[in-house]
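# Chain and residue survey
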Amino acid sequence: MEKTIDKILGLLVDSKEYLSGECIGEKLGISRIAVNKHIKKLISNGIDIEIGRKGYKYKDSDSLTVQTLSKKLLKSGIDIPIFINEVESTNTEVKKLYPEINKDFLFVAPRQISGRGRLDRTFVSGYGGVYMTLCYKPKKLLVSDSLKLVLLTGLAVAKVLKKYTENVTIKWPNDVFVNGKKICGILLESVITENITEAVFLGIGVNITNDIPKDLQSKATSLKLENLELVPREQLICEIIELLYQMLALYQEKGFEPFIKEYTDLSISINHNVVVNVGDSKKSGFGMGLSEEGYLLIENNGIIEKIILGDIEV
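Residues numbered from 1 in each chain as written. Predicted model: local features only at pLDDT ≥ 70, side-chain atom pairs only at ≥ 80, totals over all residues. Heavy atoms only, no water.

### What to know about the overall build of the chain
Selection criterion: The helix and strand labels rest on DSSP assignments: H or I over at least four residues marks a helix, E over at least two residues marks a strand, and numbering proceeds from the N terminus. Here the globule rule reads 2.2 Å times residues to the power 0.38, and the radius of gyration is calculated from C-alpha atoms. Whether a residue is buried, partly exposed or exposed follows from its accessible area with a 1.4 Å probe, protein chains only, as a fraction of its type maximum: under 20%, in between, or over 50%, in that order. In this analysis, two residues are considered to be in contact whenever any of their non-hydrogen atoms come within 4.5 Å of each other. What sets the accessible areas is the Shrake-Rupley method with a 1.4 Å probe; for residues, cover comes only from the shown protein chains.
For the chain, the count of helices and strands is eight helices and 14 strands. Its C-alpha atoms give the chain a radius of gyration of 22 Å, near enough to 20 Å, the size a compact globule of 314 residues would have. Its C-alpha atoms give the chain principal-axis dimensions of roughly 80 × 45 × 30 Å. Buried positions account for 50% of the 314 residues belonging to the chain. Across the chain, contacts joining residues at least 24 apart in sequence account for 60% of those joining residues at least 6 apart. As displayed, the chain offers around 15700 Å² of accessible surface, 50% of which is attributable to carbon and sulfur atoms.

Below, the structure is given as structure tokens:
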């Protein structure tokens, strides 16, 4: 049963105007004193509520709390957002939780201590960014679909960021760039049984107002460093998840074909000359496009090669 404090928050989030303590109390069958007590508790939890002579008013801000996130994500069908203030890695925690939860869920943390990226790299994850992992339990997904889900997730993030700045690109397979610097990393892990994917863990990290170490600022950035609109983290989370679910539904129906043009148009790896670090060697060529599996196809002296795993130099 929904707690009284969550009901109060729901009323405030839905209302565009001030609500008096008397009005809230009448709706919920509690006293004005009880309303005030709950309001103060919400404020102490980091929720931005304005208190004035007309009553109480919820203010959209960069606060990140499980109550407001829960309410907003319900519109996307995600009714179990799990929120922890600090965690080693959202992907690691989701892998522990998924056997106990029989549906999709989202795990969010304002800070990661040991964020991870592709190729076992460290992902710097300080306060001010968006760090989340979606546990997605598809109806039917083969192991061969995994890379295309990575491409899809990167495209979803890029499309959301395009609403706030034009200069957004994707480096194959899933790094999202703004003004030529990395702003988002994505890590996919999965649970597989007999070539069927039971669950996919889509880890997404986006730099918003968090600080980037000086030695990385030539390669990585944030919305703040680029002097772009500082989107509230809850808003960005909801926009990414809502769009991602729409794209996942279309993918389950029609595959990656509907997304190829959008992905290609944003790619700095397709229709461009590229240099790829593959293990201890380098491969160079012209990015021709994607294979059926989502691998990068490069052409050099008339020979076309699939890049299955590698890091493209920028």
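### Comments concerning the sheet that holds strand 11 (residues 281-290)
What counts is decided by this rule: In this analysis, strands are considered paired if DSSP registers two or more bridges between them.
Strand order in the open sheet formed by five strands is 13-12-11-10-14, with antiparallel pairing between adjacent strands. Taken across any chain shown, the strands that pair with only one partner, and hence form the sheet edges, are strand 13 (303-307) and strand 14 (311-312). As paired strands, strand 11 and strand 12 (residues 296-300) are joined by four bridges and run antiparallel to one another. Paired with L290 across the bridge in strand 12 is L296.

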